[in-house]
Every structure is written in C-alpha cells, then in structure tokens.
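# Geometric and topological summary
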Amino acid sequence: MVLYTAPFPNSCLSALHAVSWALIFPCYWLADRLVASFIPTTYEKRQRADDPCYLQLLCTVLFTPIYLALLVASLPFAFVGFLLWSPLQSARRPYIYSRLEDKGLAGGAALLSEWKGTGPGKSFCFATANLCLLPDSLARLNNVFNTQARAKEIGQRIRNGASRPQIKIYIDSPTNTSISAASFSSLVSPQGSDGVAKAVPGSIKRTASVEYKGNGSGRHPSDEAANGPASGEPAEGSLEDACIVRIGGEEGGRPPEADNSAAGGQARNGAGGAPQSQTPNHSQQDGDSGSLGSPSASRESLVKVRATADGGGSGEPGATNSKLPYKASGVKKAAARKRRHPDEAFDHEVSAFFPANLDFLCLQEVFDKRAAAKLKDQLHGYFEYILYDVGVYGCQGCCSFKCLNSGLFFASRYPIMDVAYHCYPNGRRSDGLASKGALFLKVQVGSTPQDQRIVGYISCTHLHALPEDSAIRCEQLDLLQDWLADFRKSTSSSSTANPEELVAFDVICGDFNFDNCSSDDKLEQQHSLFTHYKDPCRLGPGEEKSWAIGTMLDTDNLYDEEVCTPDNLQKVLESEEGRREYLAFPTSKSPGAGQKGRKDLLKGNGRRIDYMLYAEEGLCPDWKAEVEEFSFITQLSGLTDHLPVAMRLMVSAGEEEA
C-alpha cells in the first residue's frame with residue numbers, strides 16, 4: 001500500500017489549499033485569541049487574585065478592541081478563502097504520513113532483524129493519551145491553555161521518557177516479592193538480536209531505603225541527570241546498556257561503591273537540547289521530573305545506571321558488563337511502585353515516566369494542525385514513522401460539516417505497512433463538528449527465517465463524548481469491530497495453507513468516553529467488544545480490578561501544588577485520599593447524588609475512560625500474547641486533563657514450539 005506523504009494528490013491542489021488557508025487563518029487566529037481572552041484558567045484566576053495589577057488582565061483590556069477591529073476587517077478575506085477551501089476537501093487525503101529517513105542503526109529496518117519468531121518471545125510496548133490539543137479558546141474549556149507550547153513540551157517529555165535506559169530492580173526478600181523501580185523503565189530484560197535476554201552481573205544489598213553512592217567526582221547526581229545529549233536527540237544504546245539489578249535479602253547492607261570507570265557504552269537519559277517552554281502550566285519547578293533535561297528531572301523517580309565493560313576499554317554494545325557504578329538522584333523510598341497482586345499475572349504501577357523503549361504511541365485530541373506539526377517534530381527524535389492530521393474536513397462521507405479533523409495521531413518505531421481511516425457517521429451536536437473516527441494500522445515487527453512477515457494490528461479511536469449518548473457509543477463500537485474485520489481481511493496476504501504473514505498482536509486503544517463503574521454506562525460496559533478483546537484492568541461489566549485507577553483528572557485542580565509535577569501527581573494517585581481529591585468521577589443523572597456521593601460510591605478510583613485492549617484470538621497458531629506490565633503515567637501533569645496509560649505485551653510461542 002502507498003502511504004500518503006502529502007494531503008493532496010498534486011502540487012496544484014496543495015497550492016490552492018495554501019492560498020485558501022492563508023486567507024482564512026488571520027480571521028481564525030483573531031477569533032481564537034479574542035474568545036480565549038475571556039475564558040481564564042484556574043491558574044490565571046489565582047494569579048489575578050494574588051496580583052491586582054495582573055498583566056494578563058491589562059492586556060485583555062487593551063487588545064480586545066484591536067482584536068475585534070482586525071477580526072471584522074479579516075472577515076471578507078476569510079469568506080473568500082472558505083469558498084475556495086471547502087470544495088478542495090473532497091480531494092484531501094485522510095492522513096499525512098511522515099518518515100524520518102536518517103535514523104541510522106536504530107531505524108525500523110534494523111528493528112525488524114531483532115526478532116525471527118523464535119526463542120523466548122518479544123515484548124512490544126503501547127501507550128495511549130488524550131492531549132487536549134485544541135484551539136486555545138476550546139482547550140480552556142478543559143482548563144488548559146497555550147496549545148502550541150504545550151504540544152512542544154508534550155513531545156519533549158514523551159521522547160525523553162521513552163529514550164531512557166531500561167532498569168529492572170528485583171527485591172529478594174521473604175516479605176517483599178515485588179519489583180522496585182523508579183518508573184516503567186524496567187519492564188523487560190534487554191534482548192539481543194537473537195531474542196535472548198541479556199543480564200548484567202551485579203547485586204545490591206537491601207537497605208532501609210534504596211540509595212546509591214555517587215561517583216566520587218564531587219558532582220551531585222542530579223546535576224549529571226540533567227546533562228543529557230546536547231543535540232536534543234534521544235539517547236542511543238539504551239537497549240544495549242539496560243541492566244537487571246538484584247537486591248539481596250541481607251538487611252542493613254549498603255550499596256557498593258561506584259566504580260568510576262572510563263568505559264564507553266554509557267546509558268544517557270533523554271535530552272532536551274531544545275529550550276523548555278515557559279508557559280505557566282508546564283514550567284519546570286523543583287521536583288518536576290517531567291522533562292529529563294531539567295536539573296530536578298529525576299529527583300525521586302529516575303535511577304541512572306552506567307553499564308561499564310570489564311577492564312574499562314570496550315565500548316561495544318555487546319560487551320559483557322561486569323562492573324556496575326550506580327548513580328541516582330536521591331531515591332527516597334524503597335517502597336515498590338510496581339506492585340503485583342497475588343492473583344495478578346503482570347505488574348502494574350503509577351509511573352512518573354513514559355515507558356522506556358516505547359514502540360507504539362496512539363494519541364487523541366490532537367486537533368490543532370500547528371500543534372500537530374510541533375508534536376511531530378519533537379517525536380521524530382524517537383519515532384521514525386508518524387501519522388498525523390488524520391480525518392476529513394467539510395462535507396464528505398459524514399453526515400455533518402466537519403470543522404476539525406479526528407484528532408488521532410500515531411507514532412511507531414516499526415514500519416507501517418497499511419493504513420485505513422473511517423469517520424463515525426453518527427456524531428451529533430458539538431461532537432459532530434469533528435471527524436471523530438477510527439484509525440487502523442498494520443505494522444511489520446519482524447520476519448521469520450523463511451521470510452514470512454511478522455505483523456501486528458493496532459486500532460486507535462475516539463468515541464462520542466456526550467455522556468447521555470450511550471446508544472451512539474455502542475453503535476460506534478459496532479462499527480469499530482466491523483471496520484477492523486474488513487481491514488484485516490483486505491490487508492491480509494496470507495492463506496491458511498500458505499501463510500505469508502504471522503500475526504503477533506491485535507491491539508485497540510483510545511478514549512472511549514465511558515467507564516466501567518458508572519451505572520450510567522451499563523450499555524457500553526456490556527458491549528460484545530469486551531468478549532473479543534481483553535481489558536487488563538477489568539474483571540467484568542461494572543467491576544474493575546482493585547489496582548485500576550481513573551484516567552480523567554479533575555480539571556479544577558490541575559494546577560494545585562500537590563499535583564503540578566509528575567512526581568507529586570504520582571504520589572497523590574498512589575493513595576485513595578489523593579485519588580478522591582484529584583480524579584474526576586461520573587455525575588449521576590438522578591437528583592440528589594452529587595460529586596461527593598459518587599466518589600464515596602466508587603471508592604476513590606475515578607473514571608477510567610482511556611482503554612488499552614488486546615486480542616488473545618486471531619493470532620498466529622501456537623502463539624500467545626500476554627500482558628507483562630500496565631502503567632498509569634503522570635509525566636504529562638499540567639499539560640493535559642487525562643492520564644496516559646501504557647501496556648507492555650509479551651508475544652511468545654506456545655507450548656508446542658517452546
């Protein structure tokens with residue numbers, strides 16, 4: 001399949017579209033700024049209360065008449081531009097595909113050689129997030145602002161989190177069998193190109209708190225954590241330098257002295273060479289671990305490891321590491337943030353970082369085209385393949401006129417083979433103005449020694465938002481299943497007798513706009529989708545697992561000091577009281593049942609409306625997909641009103657091939 005790298009099939013149409021948008025944009029921008037000036041966020045309200053001479057208020061008074069006059073003057077040009085723009089949308093393609101050509105050895109083509117479908121299996125990491133990257137006037141309705149700066153900062157944080165080294169810390173103790181890790185960086189042991197896990201020798205004696213000694217250079221560890229690569233590109237070699245650390249059961253021990261060897265192969269943490277945005281809702285504060293390039297990036301969350309080769313002379317990625325100098329920026333607690341329930345087959349946590357070695361990223365509400373371009377530029381520092389500006393405009397294929405695209409955005413480290421997009425035809429009221437739909441992708445993740453392609457299917461969607469429209473969401477879930485079945489059938493080049501492709505996974509993710517606890521969402525909770533795809537957080541209709549938490553934040557409290565940094569938000573969400581205070585809960589249709597009553601009813605877990613589902617059927621025979629870890633991520637605190645979620649899926653051969 002040919003992937004579209006431009007929105008229009010020829011340069012003539014592209015030029016006409018550029019002219020039409022140039023006529024429309026001044027009116028659009030002025031209207032957005034004018035409306036935004038009258039919708040203050042809680043952050044701005046607090047600043048105004050603290051400072052009677054607040055500059056923003058003065059600017060609003062001065063510039064409102066100017067904006068209004070310029071808006072009126074631009075209307076005739078915008079009208080002419082609209083008349084030209086609208087018919088062009090019938091020729092517009094439903095997405096733009098972008099590939100970063102210069103990825104060197106870390107590119108997707110190299111990743112395909114890492115797994116041949118044999119050995120112990122291969123893990124794949126998926127993440128989904130709703131970013132609320134709307135035009136600024138609309139974003140303020142969700143209490144977030146400065147869309148362009150947020151897009152850049154979000155891209156930097158995701159890139160920095162995903163490019164961290166993998167670290168896995170086991171605690172061997174009769175009383176503690178959990179995995180202790182600062183974040184989701186420690187999901188799997190490193191794998192070589194042959195799929196065999198590599199372990200780095202080393203051990204740490206268990207102490208009252210997990211503390212690592214410095215390198216003897218007199219330099220504060222947090223200073224070193226702040227100095228990533230100056231280029232702003234993600235760290236290289238994170239996979240090779242990943243390590244497994246085992247904490248022994250002896251009490252009262254101290255970690256070994258750090259060996260300040262001059263070996264190469266250093267695992268560097270991501271790097272924000274680009275300057276940080278200065279908007280108030282994501283300014284770096286003390287203790288903010290959102291951007292690893294900040295001086296306090298890993299204050300409580302990041303363990304930085306330099307894996308050195310024996311003898312200190314080899315910098316080869318495959319060299320055997322026998323010395324392990326440990327560096328950390330003050331890990332204050334030994335309490336494991338990854339927890340495994342006795343009846344649970346996988347680990348789960350609330351993490352301050354996106355997972356290390358993230359493979360696939362599905363985003364929603366990336367509506368603003370300029371913000372999408374900024375986000376793409378940042379994420380291309382880590383992801384080679386990106387789809388953005390997904391959706392349709394105007395009147396085509398859907399019932400109502402579409403002013404906004406679908407808001408869907410997809411990034412991958414693996415090559416994309418096929419793409420399909422469908423717009424939901426039943427959106428209404430405010431949701432009908434956006435071309436919400438479903439994006440279907442087929443990616444290649446490996447090849448067998450017999451040259452059979454190993455592929456995976458990923459579906460990203462954003463369902464109808466209005467809470468009273470349960471029937472519409474159920475219709476959309478029906479369409480989602482039908483479209484996905486057609487996509488798999490049309491893109492499959494295999495037959496049962498002569499399989500040319502082996503399916504490794506089938507994942508559906510996105511913002512479903514309903515939860516699994518609210519009595520008002522019973523219709524969606526019982527949908528047949530959940531019989532074909534498994535939700536790692538769900539026990540059954542209306543019943544969540546005890547560790548699952550809501551993914552929708554209470555927008556009124558986004559800028560509270562207790563939750564304004566990833567570390568702070570992580571701590572808050574690990575307690576039931578914190579979840580009651582800072583997560584959103586469903587409002588009941590019945591009178592007299594307010595927000596407080598609903599919080600008591602739901603036991604503080606909140607609304608989980610961002611889903612990550614996977615199929616156990618329809619894969620290659622004798623293969624199975626199992627969840628290794630699941631994470632709720634706080635790294636985007638202050639930048640969006642949703643919690644991203646991530647899942648690592650292990651695909652392995654069955655018992656017959658094992």
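This section reports on the structure supplied with the text. If you're wondering where the values come from, they're calculated on a predicted model, not measured in any experiment.

## Let's talk about the overall build of the protein
A count of helical and extended segments in the protein gives 14 helices and 23 strands. Counting every position in the protein, which comprises 658 residues, the buried fraction comes to 59%. A fraction of 77% describes how many contacts in the protein between residues 6 or more apart in sequence connect residues 24 or more apart.

## Section: unusual backbone geometry
Its identity as a non-glycine residue notwithstanding, Asn143 has a phi of 70°, on the positive side. By the secondary structure assignment, Asn143 is in the loop between helix H5 (136-139) and helix H6 (147-162). Of note in the backbone geometry, Asp451 takes a positive phi value of approximately 65° without being a glycine. Along the chain, Asp451 turns up in the loop between strand E16 (437-447) and strand E17 (453-462). With a relative accessible area of 67%, Asp451 lands in the exposed category.

## A closer look at the packing of aromatic side chains
For any pair of aromatic rings, geometry is given as the distance between the ring centres together with the angle between the planes. As enumerated under the stated definition, the model contains 35 aromatic pairs in all. Judged by centre distance (5.9 Å) and plane angle (55°), the rings of Trp547 and Phe630 are tilted. Here the residue Trp547 occupies a position in the loop between strand E20 (543-544) and helix H12 (566-573), and Phe630 occupies one in strand E22 (residues 623-633), the gap between them amounting to 83 residues. For Trp547, a relative accessible area of 13% puts it in the buried group.

## Points about the side chain of Ser98
Along the polypeptide, Ser98 turns up in strand E1 (residues 96-99). Of the residues examined, Ser98 reaches a relative accessible area of 13% and is grouped as buried. Side chain to side chain, Ser98 and His380 meet in a polar contact 2.7 Å long. Excluding residues within four positions of it along the chain, Ser98 makes contact with Lys376, His380, Glu384, Tyr385, Ile386 and Tyr388.

## With respect to the pattern of salt bridges
Taken as a whole and assessed by the stated rule, the structure comprises 23 salt bridges. The salt bridge partner of Arg99 is Glu384, with a shortest N-O separation of 3.1 Å. Placement of the pair is Arg99 in strand E1 and Glu384 in the loop between helix H8 (369-379) and strand E13 (385-388), with a sequence separation of 285 residues. Among the residues examined, Arg99 registers a relative accessible area of 38% and is labelled partly exposed. Since its relative accessible area comes to 3%, Glu384 is described here as buried. The partner of Arg608 in a salt bridge is Asp535, with the nearest N and O atoms 2.7 Å apart. Of this pair, Arg608 sits in the loop between helix H14 (595-601) and strand E21 (610-614) while Asp535 sits in the loop between helix H11 (529-532) and strand E19 (538-540), placing them 73 residues apart in sequence. A single burial state applies to Arg608 and to Asp535, both of which are buried. Connected through shared salt-bridge partners, Arg33, Glu44, Asp136 and Arg140 make up one network.

## So, the nonpolar core
Judged by nonpolar contacts, the single largest core of 94 residues is most densely connected at Phe126, Phe360, Ile416, Val445 and Phe505. Counting residues per element, this core draws most heavily on strand E18 (residues 501-511), which supplies seven residues.

## Brief notes about a nonpolar patch on the surface
A grouping of Leu58, Leu62, Phe63, Ile66 and Leu70 is seen on the molecular surface, where their side chains present a nonpolar patch of about 460 Å² in accessible area. Residue Leu58 is classed as partly exposed on the basis of its relative accessible area of 47%.

## Considerations on the environment of Glu617
Examined against the element boundaries, Glu617 turns out to sit in the loop between E21 and E22. Look at Glu617 and you get exposed, because its relative accessible area is 63%. Taking C-alpha positions, Glu617 is 8.4 Å from Tyr533, a pair spaced 84 residues apart along the chain.

## Observations concerning the side chain of Arg473
Its place among the elements puts Arg473 in helix H9 (residues 470-491). Not counting residues within four places of it along the chain, the set of residues in contact with Arg473 comprises Leu463, His464, Ala465, Leu466, Pro467, Phe512, Asn513, Phe514, Asp521 and Glu524.

## As for the sheet that holds E18
As summarised here, the arrangement of the five strands in space is E15-E16-E17-E18-E21, forming an open sheet in which the pairing is mixed. Strands at the two margins of the open sheet, each flanked by one partner only, are strand E15 (416-423) and E21. The average angle at which neighbouring strand axes cross in this sheet is 15°, direction not considered. The pairing of E16 with E17 spans nine bridges and is classified as antiparallel. Following the sheet pairing, Leu439 is matched in E17 by Cys460. The sheet contacts of H9 involve E15, E16, E17 and E18, and relative to E16 the element is tilted by about 35°.

The rules behind these values
Residues numbered from 1 in each chain as written. Predicted model: local features only at pLDDT ≥ 70, side-chain atom pairs only at ≥ 80, totals over all residues. Heavy atoms only, no water. Helix = DSSP H or I, 4+ residues; strand = E, 2+ residues; numbered from the N terminus. Buried < 20%, exposed > 50% of the residue type's maximum accessible area, 1.4 Å probe, protein only. Contact = heavy atoms within 4.5 Å. Phe/Tyr/Trp six-rings, centres within 6.5 Å; stacked < 30°, edge-to-face > 60°. Polar contact = N/O pair within 3.5 Å; in protein donor to acceptor, adjacent residues only side chain to side chain. Salt bridge = Lys/Arg side-chain N within 4 Å of Asp/Glu carboxyl O. Core = buried A, V, L, I, M, F, W, Y, C linked by side-chain atoms within 4.5 Å. Patch = residues over 30% accessible without salt bridge, like charges linked within 9 Å, V, L, I, M, F, W, Y side chains within 5 Å. Areas by Shrake-Rupley, 256 points an atom, 1.4 Å probe, with all protein chains shown as cover. Pairing = 2+ DSSP bridges. Axes fitted to C-alpha atoms, helices over the stretch in contact; angles between N-to-C directions.

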